[in-house]
Amino acid sequence: MISSAISVSEPFSFKDKRVWVAGHTGMVGSALVRRLRQEDCEILTVSRKQLDLTRQSETETWIEYLRPDVILVAAAKVGGIAANAASPVDFLYINTMIAMNIMAAAAHAGVGKLLWMGSSCIYPKFAAQPIDEHALLTGPLEPTNEAYAIAKIAALKLAEAYARQYGLSSLLVMPTNLYGQNDNFDPQASHVIPAMLRKMHEAKSSGAETVSVWGTGNPLREFLHVDDLADACCFLMKSEANLPLTNVGSGDEISIRDLAYLVADIVGYRGEILFDTSKPDGAPRKLLNCSRLASLGWKPKVNLRSGIDELYTRWRASVRQFEQS
Ligand code: GFB
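Residues numbered from 1 in each chain as written. Predicted model: local features only at pLDDT ≥ 70, side-chain atom pairs only at ≥ 80, totals over all residues. Heavy atoms only, no water.

(A) Highlighting the overall build of the chain. In terms of regular secondary structure, the chain is built from 10 helices and 14 strands. Considered along the principal axes of its C-alpha atoms, the chain spans approximately 60 × 50 × 40 Å. A buried classification covers 50% of the 325 residues belonging to the chain. Here the chain has roughly 14,900 Å² of accessible surface; of this, 51% comes from carbon and sulfur atoms. (Helix = DSSP H or I, 4+ residues; strand = E, 2+ residues; numbered from the N terminus. Buried < 20%, exposed > 50% of the residue type's maximum accessible area, 1.4 Å probe, protein only. Areas by Shrake-Rupley, 256 points an atom, 1.4 Å probe, with all protein chains shown as cover.)

(B) Broad picture of the site of the ligand. Around the ligand there are 22 residues in total, and Ile81, Lys199, Arg221, Pro280 and Asp281 lie nearest to it. Lysine 199 places a polar side-chain atom, nitrogen or oxygen, 2.7 Å from an oxygen atom of the ligand. In the environment of the ligand, an oxygen atom lies 2.6 Å from a nitrogen or oxygen atom belonging to the backbone of aspartate 281. If you list the elements that add at least two residues to the shell around the ligand, you get α3 (81–86), α6 (192–206) and β8 (210–214). A per-element tally of the shell around the ligand places α6 first, with three residues. Across the shell around the ligand, the residue classes break down as 10 nonpolar, eight polar and four charged. (Near = heavy atom within 4 Å. Polar contact = N/O pair within 3.5 Å; in protein donor to acceptor, adjacent residues only side chain to side chain. Nonpolar A, V, L, I, M, F, W, Y, C, P; charged D, E, K, R; others polar.)

(C) Inspection of helix α4 (residues 88–109) at higher detail. If you check α4, its first and last C-alpha atoms are 32 Å apart, about what 22 residues at 1.5 Å a residue would give, namely 32 Å. Within α4, the full set of buried residues consists of Phe91, Asn95, Thr96, Ile98, Ala99, Asn101, Ile102, Met103, Ala104, Ala105, Ala106 and Ala109. Buried residues along α4 sit in contact with β2 (18–22), α2 (56–66), β4 (70–73), α3, β5 (113–117) and α5 (146–166). Glycine 110 occupies a position one or two residues after α4 and carries a positive phi of about 70°. (Expected span 1.5 Å × (residues − 1). Contact = heavy atoms within 4.5 Å.)

(D) Quick look at the packing of aromatic side chains. Following the criterion strictly, the structure yields six aromatic pairs and no others. Consider the rings of phenylalanine 12 and phenylalanine 14, whose centres lie 5.0 Å apart with planes at 85°: the pair is edge-to-face. The exposure classification of phenylalanine 12 matches that of phenylalanine 14, with both residues buried. Between phenylalanine 185 and tryptophan 315, the ring centres sit 4.9 Å apart and the planes meet at 5°, which makes this aromatic pair stacked. On the criterion of sequence distance, the pair formed by phenylalanine 185 in the loop between β7 (177–179) and α6 and tryptophan 315 in helix α10 (residues 304–324) is long-range, its members being 130 residues apart. Each member of the pair phenylalanine 185 and tryptophan 315 is classed as buried. Ring-pair connections join several aromatic residues into one group, and the members of that group are Trp20, Trp62 and Tyr65. Against the face of phenylalanine 275 rests arginine 257, its NZ or CZ located 4.9 Å from the ring centre. The cationic tip of arginine 316 hangs over the ring face of tyrosine 312; the distance from NZ or CZ to the ring centre is 4.2 Å. (Phe/Tyr/Trp six-rings, centres within 6.5 Å; stacked < 30°, edge-to-face > 60°. Lys NZ or Arg CZ within 6 Å of the ring centre and 35° of its normal.)

(E) Spatial organisation of the environment of proline 11. Residue position: proline 11 is located in the loop between β1 (7–8) and β2. Taking relative accessible area as the criterion, proline 11 reaches 53% and is therefore assigned exposed. Sequence-wise, proline 11 and glutamate 240 are 229 residues apart; in three dimensions their C-alpha atoms are separated by 4.9 Å.

(F) The sheet that holds strand β3 (residues 42–44), seen in detail. The strand order across the open sheet formed by six strands is β3-β2-β4-β5-β6-β11, and the pairing between neighbours is parallel. Two strands in the sheet have a free side with no partner beyond their single neighbour: β3 and β11 (245–248). The sheet shows a mean angle of 20° between the axes of neighbouring strands, taken without regard to direction. Pairing of β4 with β5 involves four bridges; the strand directions are parallel. Note that in β5 the partner of valine 70 across the bridge is lysine 113. Docked against the sheet, helix α1 (residues 27–36) engages β2, β3, β4 and β5, running at close to 155° with respect to β2. Sheet strands touched by α5: β5, β6 (169–175) and β11. Its angle to β6, the strand with the most contacts, is close to 155°. (Pairing = 2+ DSSP bridges. Axes fitted to C-alpha atoms, helices over the stretch in contact; angles between N-to-C directions.)

(G) Structural detail: the pattern of salt bridges. Counted by the stated rule, this structure contains 18 salt bridges. Among the ionic pairs, aspartate 231 bridges to arginine 35, the shortest N-O distance being 2.9 Å. Of this pair, aspartate 231 sits in helix α7 (residues 226–238) while arginine 35 sits in helix α1, placing them 196 residues apart in sequence. Here the two residues aspartate 231 and arginine 35 agree in accessibility, since each one is buried. With a shortest N-O distance of 3.6 Å, arginine 55 and aspartate 52 are connected by a salt bridge. With relative accessibility at 49%, the residue arginine 55 sits in the partly exposed group. (Salt bridge = Lys/Arg side-chain N within 4 Å of Asp/Glu carboxyl O.)

(H) Seen up close, the state of the cysteines. Under the criterion given, the structure shown has zero disulfides. Here cysteine 121 stays unpaired: no disulfide links it, and the sulfur of cysteine 290, its closest cysteine neighbor, is 15 Å away. The cysteine cysteine 233 is free of any disulfide, with cysteine 234 supplying the nearest cysteine sulfur at 6.8 Å. (Disulfide = S-S within 2.5 Å.)

As structure tokens, then:
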């Protein structure tokens, strides 16, 4: 059972610590690396080629060899609504294995502190909004991402068990829907913001009169820029509050319909937007209650429009670079 009380523990400092960012090439991991550069710590990384985190002995050997003081776990199999539905085995198996292997090896090697990245999809489909941390395991999950959610719930329960049985100190961060630098723009696997940016950009370039957006447009989503998430993670690590499970959101909630109009405006697409109701909507609403984090004094900085604008500029630059190479 997760305690709601905010107890206070020893202040943590990154100074002179060896910090391993697991999954440093992904959107979240690379944001953590950028943010950690502001701290006086040694950042450790390893490529996927060198270490397969779904292999227990490889993970154990790496952690034993490296002896990090701190592990920030951003490694995960992630994807949007279609990828989750298409590959439930990958989302359940890979994410569960990563959690089991890293936590077991970290506890064995006596790692001082671990930060685990969950997701707002761990909460029930019809949780009361805004969703607070106590909603966990109070109702059925959203079917489109059940496999991913179960892996994340298993990981957080394992972290609680390791804390209780072996004293492994973990911070469990539950971010809302994320976007930002190094986002995935694959049309089938991506989340909604990069998917819409790409679709509308391509429609504008080809002069297409319509663009099709998945679902009814009615679902509401809260979006957090990944740089804000990385900042919140460092803030929480350094905070003296002992918060095992913490929601991280922005309060920036928007319907998928309004998001489509916003993205069209940013891209400069003037055609018609159609809603393809043969595609799933997923959860009707996922707004996080972040009062725990807010009570400690943390606030997000990036507003949705400027964050999407910046992502669009970066993506166009990378496409141009790719085309020239
Ligand atoms: O971002 P998304 O895939 O994640 O979809 P979820 C959000 C909403 O945007 C859904 C709609 O209602 C989609 O139907 N949408 C409209 C689109 N057009 C598109 C499109 O072209 N691509 C995509 N991807 N969506 C994810 C989970 O659910 O939430 C993940 O699948 C994770 O596992 C993440 O938990 C936080 O919010 O529906």
